[in-house]
Amino acid sequence: MKTLVRSYSEEQGDFRRTTKFITDNYHHFRTNSTMTLPRFVDWKYGLYSSKTSDPAFLENNATLWFDGFGRLVAVLISEDGDSSFSILTVEGYRFLFEEILRWAVDNWGSRSEKMSVELTEYQRREIEIVQRNGFRSVWTFCTRFFDLSAELEERRSIDDGFEIIDMETTPEYREQRILRSNAFEGKTHVSDSELEHQLKFYNNTHRSPIYNPWTDLCVKFRDGRHVAGCEALIDAWNSTADIERVCTHSEFRRRGFAKALIIECLHRLKEMGFKTAGITGFGKEAIKLYGSLGASEKMESFIFELGSR
């Protein structure tokens, strides 16, 4: 069948085209890809170091497949500009998966010694294809799905001296950035100059069409520090959200702050009228925590890796 392949192009409106592609096929992609709308939007708006060092980052790290009618039917994307990638195909064009996989290996394989692709447990055909092409499973992670129409676990109280805040009523992004530097990067201190640089670039995500400051939550200590956080990124067209950026400061772990925040976030999403929410855990502790929150469904996903090239 005739297809057209070209690089992603901002000038040709591919951000809107691809977001529509993802939202229109939500139910298929929810189980047949780990690339969600929040991850794709973050790919554009998250100005991380890999992107700020490459002016053509977007164009160099996504390729689109169109059918003979000019409709977008498949997307290959590298979130970090390396040899890790995701492939999205609409239901009727899953037969393109192997062609796209080989395209990625041929064109992006030289970026690093190893390549990797994420697949869900429901992508049995795609799993067989990557294994046939030399990829091997190296990591398993889990996504929990919450039915927000059902009864949720009750909101939790937290220790005296701490309070749950949101970035709509208390926009303390500086303190939030310090928390994330500690939790995600292991930094015990961030200089003023480095912090200003981080805020300038990382906070560009607040310009994205899915950012909602009311579901961007933190636990604040009485001395002003933020000690835990989470953020819901929203796909309003499909009445769903993904809870991401869950973190706790290294000095305040194992005190139930992350759990209290996630439960609060779920309640806020329910109050907004959303039907479902998802949250993904990669480490054993995160998977265990998210599994204790009353999710109605779970989905396992796998990272498949192709060895040294």
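As the structure is a computational prediction, the values presented were derived from the model and not from experiment.

Helix and strand content of the protein chain: 11 helices and 12 strands. Its C-alpha atoms give the protein chain a radius of gyration of 20 Å, within 12% of the compact-globule value 19 Å for 309 residues. Across its three principal directions, the C-alpha atoms of the protein chain cover 65 × 45 × 35 Å. The buried share among the 309 residues of the protein chain stands at 53%. Pairs at least 24 residues apart make up 72% of the contacts formed inside the protein chain by residues separated by at least 6 positions. A total of about 15,000 Å² of accessible surface is found on the protein chain, and carbon and sulfur atoms cover 48% of it. Across the protein chain, the centroid of the 42 positively charged side chains sits 3 Å from that of the 48 negatively charged ones.

The element helix 3 (residues 37–45) is largely enclosed, with a buried count of nine among its nine residues. Buried within helix 3 we find Leu37, Pro38, Arg39, Phe40, Val41, Asp42, Trp43, Lys44 and Tyr45.

This brings us to the packing of helix 6 (residues 97–108) against helix 7 (residues 124–132). Taken N-terminus to C-terminus, the directions of helix 6 and helix 7 make an angle of 40 degrees; their axes are 10 Å apart at the nearest point. The hand of the helix 6/helix 7 crossing is right-handed. On helix 7, the residues touching Phe97, Glu98 and Leu101 of helix 6 are Glu126, Ile129, Val130 and Arg132. When its residues are assigned to classes, the contact of helix 6 with helix 7 shows four nonpolar, no polar and three charged.

Residues Phe85 and Phe135 are the most contacted members of the largest nonpolar core, which totals 47 residues. Apart from the residues within four sequence positions on either side, Phe135 is in contact with Phe85, Leu101, Val105, Met115, Val117, Val130, Phe304, Glu305 and Leu306. By size, the runner-up hydrophobic cluster in this structure holds 31 residues, among which are Phe257, Ala260, Leu261 and Ile279.

Note that Gln123 resides in the loop between strand 5 (115–120) and helix 7. Taking the relative accessible area as the measure of exposure, Gln123 reaches 3% and is therefore buried. Only 2.8 Å separates the side chain of Gln123 from the backbone oxygen of Asn32, close enough to count as a polar contact. There is a polar contact of 2.9 Å between the side chain of Gln123 and the backbone nitrogen of Thr120. Among residues more than four places away in sequence, those in contact with Gln123 are Thr31, Asn32, Ser33, Arg94 and Glu118.

Regular strands have side chains that alternate between both faces of the sheet. Of all nine residues making up strand 10 (residues 240–248), eight are buried, and the element is well covered by its neighbours. Relative to strand 10, strand 9 (residues 226–235) is paired through seven bridges, and the arrangement is antiparallel. Residue Ala228 lies in a different strand from strand 10, and its bridge partner there is Thr248. The pairing of strand 10 with strand 11 (residues 276–281) spans four bridges and is parallel. Bridging across to strand 11, Asp242 finds its partner in Gly278.

All right, on to empty space enclosed by the protein then. Evaluated as defined, the whole model comprises three cavities of 30 Å³ or more. In this structure, the largest cavity spans a volume of roughly 100 Å³. Lining the largest cavity we find Ile22, Tyr26, Phe29, Arg30, Met35, Thr36, Leu37, Pro38, Asp235, Thr240 and Asp242. Within the residue set of the lining of the largest cavity, elements represented by two or more residues are helix 2 (26–32), helix 3 and strand 10.

What follows is about helix 8 (residues 173–185). Each α-helix winds once per 3.6 residues, and so residues spaced three or four apart point in a common direction. The end-to-end C-alpha distance of helix 8 is 17 Å, a good match for the 18 Å that 13 residues give at a rise of 1.5 Å each. Where helix 8 is concerned, the buried positions are Tyr173, Gln176, Arg177, Leu179, Arg180, Ser181 and Asn182. Elements in contact with the buried residues of helix 8: helix 9 (192–202), strand 8 (216–221), strand 9 and strand 10. In the segment just after helix 8, Gly186 is the residue with positive phi, at about 75 degrees.

So, how was this worked out
Residues numbered from 1 in each chain as written. Predicted model: local features only at pLDDT ≥ 70, side-chain atom pairs only at ≥ 80, totals over all residues. Heavy atoms only, no water. Helix = DSSP H or I, 4+ residues; strand = E, 2+ residues; numbered from the N terminus. Rg over C-alpha atoms; globule rule 2.2 N^0.38 Å. Buried < 20%, exposed > 50% of the residue type's maximum accessible area, 1.4 Å probe, protein only. Contact = heavy atoms within 4.5 Å. Areas by Shrake-Rupley, 256 points an atom, 1.4 Å probe, with all protein chains shown as cover. Lys, Arg positive; Asp, Glu negative; His and termini not counted. Charge placed at Lys NZ, Arg CZ, Asp CG, Glu CD. Axes fitted to C-alpha atoms, helices over the stretch in contact; angles between N-to-C directions. Left-handed = near helix turned anticlockwise from the far one by under 90°. Nonpolar A, V, L, I, M, F, W, Y, C, P; charged D, E, K, R; others polar. Core = buried A, V, L, I, M, F, W, Y, C linked by side-chain atoms within 4.5 Å. Polar contact = N/O pair within 3.5 Å; in protein donor to acceptor, adjacent residues only side chain to side chain. Pairing = 2+ DSSP bridges. 1 Å grid on protein atoms, 1.4 Å probe; cavity = no way out; pocket = protein on both sides within 12 Å on 5 of 7 lines; lining within 4 Å. Points joined across faces, edges and corners; volume = space filled by probe spheres on them. Expected span 1.5 Å × (residues − 1).

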